[in-house]
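Read off the chains here:
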2 protein chains.
Amino acid sequence: MNTAVNAKQAGAAGNPGPGAPKTARGARTRARILKAAEDTFGTLGYHRAGISDITRAAGVAQGTFYTYFAGKEEILRELVRDMGHQVRAHLAAEIVDARDRLEAEEKGLRAFLQYLFENPSLYRVLQEAQFVDESIYRDYYEAFGKGYLRMLANATRKGEIRAGNNEVRVWALMGMSNFLGLRYALWERDVPFDEIVDTIADLFRNGLTLDGKEKAS
Amino acid sequence: MNTAVNAKQAGAAGNPGPGAPKTARGARTRARILKAAEDTFGTLGYHRAGISDITRAAGVAQGTFYTYFAGKEEILRELVRDMGHQVRAHLAAEIVDARDRLEAEEKGLRAFLQYLFENPSLYRVLQEAQFVDESIYRDYYEAFGKGYLRMLANATRKGEIRAGNNEVRVWALMGMSNFLGLRYALWERDVPFDEIVDTIADLFRNGLTLDGKEKAS
DNA sequence: CAACAATATGACAACTGATTCACCTTTCCG
DNA sequence: CGGAAAGGTGAATCAGTTGTCATATTGTTG
């Protein structure tokens, strides 16, 4: 069936799908469906959302969905990759002018909280993807973590942060952001982002205990 | 539509279900089904797992399931509450003899990683519950966080940790543990738990930056 | 513009899986 | 012991889904 068309544009990011759009109209429709899927998965959740919900939101017929996506799972995969790109690009832009690692962490955390607040679908789509196909989720966090790790390595080299296992730190930091975002950006905005950022910055600067750096015993 | 007007809001903290067992045999069967659900949800996931999978694993007929549980969603709720009790009890026992907060954090993190490794179902069941009914998940973490907060407040009073927003810290700490557990206890055990604990303990003692300790608020 | 390719439609076949129910079996207790 | 309550059974029902297909519309091109 759709196997006919290949050998064209297949190498972009790895996923050609049943038929990549070959027309401006097709590209537009595909994009509309993808956006509709984001909204629908975001509010109804992956499992409760039917293809019909997505196509209705996109204003196309059900059959049209299968012109561009092999099925529900594939559009989720596509979606997470897209959204991952966006967050990473956004966060990268927000911290680009930080003067040191601590400032980058502060800006990054604030930007992440804000982004999550403005794009709540990201959380749900990503987390649900974990149990649809774990590799989607792992890819996301491994991509994220890889960039993060590079930044920490640089900071270590520059003497901005203490030597230590940066890989473990990366996962700890991503976990912190994730939970803080869920609790304070999605569930309840009862604590200003600035206070959250200050609390975490204090942890980075001074630790949690009282007898930290100064004490030489 | 599954929206329905189900009698969900029944018992906040004592859900009896359709029929609480009135016999030793009944209690045993109910327990078998609950355990089977834990295993089945843990390996197949909530959505892929059918009632028939659960009853088969429990060695009972499909109809028996409904003698004790109103449906798939209710057994999940029950399960998370059960598992929550268990983790909290386990962790509490593990840190009871810690001499100060830092030691409690170290023991707690290590115990959590170990527990997750030995009970991988906990992670999946809990995380999936989030999107079946958010309140299940919130209840779990709010219960967890409440106890955690109390401990941090005590530590603050005793002067073991710096003053700061302990509620925000609690969510940051829970997030850290969660991600570290996922990555290093469930996905790949390529870093010994001791090293993870040491890395985090160092963060708590000294922070992340080299030049801490100057500014005290 | 004619012919062809790409897109779009929407009804529906095929399937999945939760829940029900009429009917047995076991246990309890006077 | 005997009958009632509790426990257990599994085939049948039933609601909801995905993915398909024959057909119609739109666009592209020689």
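Computed from a predicted structure; not experimentally measured.

S.K.: I'd like a rundown of the relation of the copies chain A and chain B, residues and numbers included.
M.R.: For the pair of chain copies, the relating operation is a rotation around an axis with a shift along it. Once turned by 180° and shifted 0.0 Å along the axis, chain A lies on chain B with an RMSD of 0.1 Å. Here the symmetry operator amounts to a two-fold rotation axis. Mapped onto chain B, 98% of the interface residues of chain A again fall at the interface, so both copies present the same surface.

S.K.: So, empty space enclosed by the protein: which residues are in play, and what are the values?
M.R.: In this approach the atoms are scanned with a rolling probe the size of a water molecule, which exposes any empty space left behind. Tallied over the entire structure, the rule returns three cavities of 30 Å³ or more. Estimated volume of the largest cavity: approximately 50 Å³. Around the largest cavity sit H47, E128 and F131 of chain A together with H47, E128 and F131 of chain B, which together line it.

S.K.: I'd like a rundown of the environment of D53 of chain A, residues and numbers included.
M.R.: Residue and element names in this part refer to chain A. For D53, the location among the structural elements is in helix 2 (residues 51–58). On a C-alpha basis, the gap between D53 and F41 in space is 9.4 Å, while along the polypeptide they are 12 residues apart. Residue contacts for D53: discarding those within four places in its chain leaves T40, L44 and R48. Within the structure, D53 has its side chain in polar contact with the side chain of R56 (distance 3.3 Å).

S.K.: Give me the lowdown on the protein's contact with DNA strand C, citing residues and values where you can.
M.R.: In the region of DNA strand C, 19 residues are neighbours, and K22, T29, A61 and Y68 of chain A together with I51 of chain B sit closest. Take the atoms of DNA strand C that sit within 4 Å of the protein: sugar and phosphate atoms are 77% of them. A distance of 2.4 Å separates a phosphate oxygen of DNA strand C from a polar atom in the side chain of T29 of chain A. Interatomic distance of 2.9 Å between a backbone N/O atom of I51 of chain B and a phosphate oxygen of DNA strand C. Counting residues per element, the ones that place at least two in the surface near DNA strand C are helix 1 (24–44) and helix 3 (62–68) of chain A together with helix 3 (62–68) of chain B. Per-class residue counts for the surface near DNA strand C are seven nonpolar, eight polar and four charged.

S.K.: So what's going on with the interface of chain A and chain B? Residues and values would help.
M.R.: Contacts between the two partners involve 53 residues from chain A and, on the opposite side, 55 residues from chain B. Counting the surface lost from both chain A and chain B, the interface buries some 5,600 Å², and carbon and sulfur atoms represent 63% of this. Three residues, F179, W187 and L208 of chain A, lead the burial of chain A against chain B; their summed loss comes to 16% of the area buried on that side. Our count for the contact surface shared by chain A and chain B stands at eight salt bridges. Measuring nitrogen to oxygen at the nearest pair gives 3.3 Å for the salt bridge that ties R138 of chain B to E188 of chain A. In this structure, the connection of chain A to chain B is made through 23 residue pairs in polar contact (both at pLDDT 80 or more). Broken down by secondary-structure element, the contributors of at least two residues to the side of chain A that touches chain B are helix 6 (121–132), helix 7 (134–157), helix 8 (166–187) and helix 9 (193–206) of chain A.

S.K.: How would you explain the packing of helix 8 of chain A against helix 9 (residues 193–206) of chain B if you had to name every residue and give the values?
M.R.: For any two helices packed against each other, one specifies the crossing angle of their axes together with the interaxial distance. The geometry of helix 8 of chain A relative to helix 9 of chain B is characterised by a closest axis approach of 10 Å and an angle of 70° between their N-to-C directions. Taken as axis vectors, helix 8 of chain A and helix 9 of chain B run roughly perpendicular relative to one another. By crossing handedness, the relation of helix 8 of chain A to helix 9 of chain B is classed as right-handed. Residues V168, R169 and A172 of chain A of helix 8 of chain A pack against I196, T199, I200 and D202 of chain B of helix 9 of chain B.

S.K.: Residues and numbers for helix 6 (residues 121–132) of chain B, please.
M.R.: Since the α-helix advances by 3.6 residues per turn, residues separated by three or four positions end up pointing in the same direction. Residues and elements named next belong to chain B. Here helix 6 contains 12 residues, and its C-alpha end-to-end distance of 16 Å stays within 8% of the 16 Å for a straight helix at 1.5 Å per residue. The buried fraction of helix 6 is high, at 12 of 12 residues. By the burial criterion, the buried members of helix 6 are S121, L122, Y123, R124, V125, L126, Q127, E128, A129, Q130, F131 and V132.

S.K.: How would you sum up the environment of D202 of chain B? Please name residues and give values.
M.R.: When you line up the elements, D202 of chain B lands in helix 9. In sequence terms D202 of chain B and L102 of chain B are 100 residues apart; their C-alpha atoms lie 9.8 Å from each other.

S.K.: Let's hear about the packing of aromatic side chains: which residues, and what values?
M.R.: As enumerated under the stated definition, the model contains 26 aromatic pairs over all chains in all. Note on F41 of chain A and Y46 of chain A: the rings are 5.2 Å apart at their centroids and 50° apart in plane angle, and the pair reads as tilted. Across the pair, exposure class does not vary: F41 of chain A and Y46 of chain A are buried alike. Between the aromatic rings of F144 of chain B and Y148 of chain B, the centroid separation amounts to 6.5 Å while the plane-to-plane angle is 50°, which identifies the pairing as tilted. A residue pair is termed a helical-turn pair when its members lie 3 or 4 positions apart in one helix, as F144 of chain B and Y148 of chain B do in helix 7 (residues 134–157) at four residues. Comparing F144 of chain B with Y148 of chain B, the two get one shared label, buried. One aromatic cluster is present, built from ring pairs that chain together Y137, Y140, Y141, F144, Y148 and W171 of chain A together with F179 and W187 of chain B.

S.K.: How would you sum up the UniProt feature "DNA-binding region" (unreviewed entry) in chain A? Please name residues and give values.
M.R.: Taking the numbering used here, the UniProt-annotated feature "DNA-binding region" (unreviewed entry) corresponds to residues 50–69 of chain A. Helix makes up 75% of residues 50–69 of chain A and strand 0%, whereas the separation of the span's terminal C-alpha atoms amounts to 14 Å.

Parameters and conventions
Residues numbered from 1 in each chain as written. Chains lettered and ligands numbered in written order. Predicted model: local features only at pLDDT ≥ 70, side-chain atom pairs only at ≥ 80, totals over all residues. Heavy atoms only, no water. Least-squares fit on C-alpha atoms with pLDDT ≥ 70 in both. Contact = heavy atoms within 4.5 Å. 1 Å grid on protein atoms, 1.4 Å probe; cavity = no way out; pocket = protein on both sides within 12 Å on 5 of 7 lines; lining within 4 Å. Points joined across faces, edges and corners; volume = space filled by probe spheres on them. Helix = DSSP H or I, 4+ residues; strand = E, 2+ residues; numbered from the N terminus. Polar contact = N/O pair within 3.5 Å; in protein donor to acceptor, adjacent residues only side chain to side chain. Near = heavy atom within 4 Å. Nonpolar A, V, L, I, M, F, W, Y, C, P; charged D, E, K, R; others polar. Buried area = accessible area lost by both parts, 1.4 Å probe. Salt bridge = Lys/Arg side-chain N within 4 Å of Asp/Glu carboxyl O. Axes fitted to C-alpha atoms, helices over the stretch in contact; angles between N-to-C directions. Parallel < 35°, antiparallel > 145°, perpendicular 65-115°, else oblique. Left-handed = near helix turned anticlockwise from the far one by under 90°. Expected span 1.5 Å × (residues − 1). Buried < 20%, exposed > 50% of the residue type's maximum accessible area, 1.4 Å probe, protein only. Phe/Tyr/Trp six-rings, centres within 6.5 Å; stacked < 30°, edge-to-face > 60°. UniProt positions renumbered as here; feature names shortened; annotations may be inferred.

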